[in-house]
Amino acid sequence: MQVRRLEITGAFEFTPKAFPDHRGLFVAPFQEATFTGATGHRMRLAQTNHSVSARDVIRGVHFADTPPGQAKYVYCPQGALLDVVVDVRVGSPTFGRWEAIRLDSSEYRAVYLAEGLGHAFLALTDNTVMTYLCSTAYNPAGEHGVNPLDPELGLPWAEELTGEAILSEKDRNAPTLAQAADSGLLPDFETCLAHYDSLRAEQ
């Protein structure tokens, strides 16, 4: 499995080797030894999520209060999507920046987002499936969002959309990044770093 550290601290891309044959294909999108070697800590697993999206559906930008936050390891077992990591941690040197990676059922790349990072994606095909390994259980009171259409963020949807973006009302009505920052909603970068250090200290 190949690993690439993204420019946003706490985010990684993992590319596993696939083994096709006359029966189909076998692949291991998550491998603990490689993950631990890259991040310095094991992946806590409290919940797995499974979403199915139509073409042009955008989900996100979602993040959670940190600590405890919710780290995510995501991959696409069916279809294709544009996965976006957004740095919403106030005080981060890459605050407001994003990185986009295509995830699909051809190469089975995966993305890890540490606690405090924002996550969004755009489905590029109908019946696109996203699998999430989550470090904590869903906590509605601690879950928040930033509007994925915030023009100041400039997320890369326009080049991929075939029609109008399909969003939930919650995502469509979410605050901009600036509004979320002004309201004190966003995670603090130094607090997040201390949390990452505590995870590595447990190993």
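Residues numbered from 1 in each chain as written. Predicted model: local features only at pLDDT ≥ 70, side-chain atom pairs only at ≥ 80, totals over all residues. Heavy atoms only, no water.

Concerning the sheet that holds strand 1 (residues 2-5)
- Reading across from one edge, 1-2-10-7-12-5 is the order of the six strands in this open sheet, with antiparallel pairing throughout. Both outer strands of the open sheet, strand 1 and strand 5 (47-53), are each paired with one neighbouring strand and no more. Sheet twist, expressed as the average angle between the axes of neighbouring strands with direction ignored, equals 20 degrees.
- With four bridges joining them, strand 1 and strand 2 (residues 11-15) adopt antiparallel strand pairing. In the strand pairing of strand 2, Arg 4 is matched with Glu 13. (Pairing = 2+ DSSP bridges. Helix = DSSP H or I, 4+ residues; strand = E, 2+ residues; numbered from the N terminus. Axes fitted to C-alpha atoms, helices over the stretch in contact; angles between N-to-C directions.)

Examining the pattern of salt bridges
- Applying the stated criterion across every chain yields a total of eleven salt bridges.
- One salt bridge in this structure joins Glu 202 and Arg 44, with 2.7 Å as the shortest N-O distance. On the criterion of sequence distance, the pair formed by Glu 202 in the segment after helix 4 (189-201) and Arg 44 in the loop between helix 1 (32-39) and strand 5 is long-range, its members being 158 residues apart.
- According to the relative accessible area criterion, Arg 44 is partly exposed, its value standing at 40%.
- Arg 55 is paired through a salt bridge with Asp 56; the nearest N and O atoms lie 2.9 Å apart. (Salt bridge = Lys/Arg side-chain N within 4 Å of Asp/Glu carboxyl O. Buried < 20%, exposed > 50% of the residue type's maximum accessible area, 1.4 Å probe, protein only.)

With respect to the UniProt feature "active site" (unreviewed entry) in the protein chain
- Under the feature "active site" (unreviewed entry), the UniProt entry names His 62 and Tyr 132. These annotated residues cover 71 residues of sequence, but their C-alpha atoms sit close together, with the largest distance between any two at 13.0 Å.
- Looking at the element boundaries, His 62 is found in strand 6 (residues 58-64).
- For His 62, a relative accessible area of 27% translates into the label partly exposed.
- Setting aside anything within four residues of it in sequence, one finds His 62 in contact with Lys 72, Leu 117, Gly 118, His 119, His 144, Gly 145 and Asp 171.
- Here the side chain of His 62 touches Gly 60 through a polar contact of 3.4 Å, landing on its backbone nitrogen.
- Leaving out residues up to four positions away in the same chain, Tyr 132 has contacts with Gln 47, Thr 48, Asn 49, His 50, Ser 51, Arg 59, Lys 72, Tyr 73, Val 74, His 119 and Phe 121. (UniProt positions renumbered as here; feature names shortened; annotations may be inferred. Contact = heavy atoms within 4.5 Å. Polar contact = N/O pair within 3.5 Å; in protein donor to acceptor, adjacent residues only side chain to side chain.)

Points about the sheet that holds strand 11 (residues 118-123)
- Taken in spatial order, the five strands of this open sheet run 9-8-11-6-13, and their pairing is antiparallel. Edge positions in the sheet fall to strand 9 (98-104) and strand 13 (143-145), since each of these pairs with one other strand and no more. Averaged over neighbouring strand pairs, the angle between their axes works out to 25 degrees when direction is ignored.
- Note: strand 8 (residues 80-86) against strand 9, seven bridges, orientation antiparallel.

Observations concerning the nonpolar core
- The biggest cluster of nonpolar side chains holds 20 residues, and the ones touching the most others in it are Val 86, Val 146, Leu 155, Trp 157 and Leu 186.
- At the level of secondary structure, the elements contributing two or more residues to this core comprise strand 6, strand 8, strand 11 and helix 3 (177-182).
- In terms of residue count, strand 8 provides more of this core than any other element does, four residues in total.
- If sequence neighbours within four positions are ignored, Trp 157 has contacts with Ile 58, Leu 82, Val 84, Ala 120, Phe 121, Leu 122, Pro 148 and Leu 149.
- Ranked by size, the runner-up nonpolar core spans 16 residues in total, among them Leu 6, Val 74, Cys 76 and Met 130. (Core = buried A, V, L, I, M, F, W, Y, C linked by side-chain atoms within 4.5 Å.)

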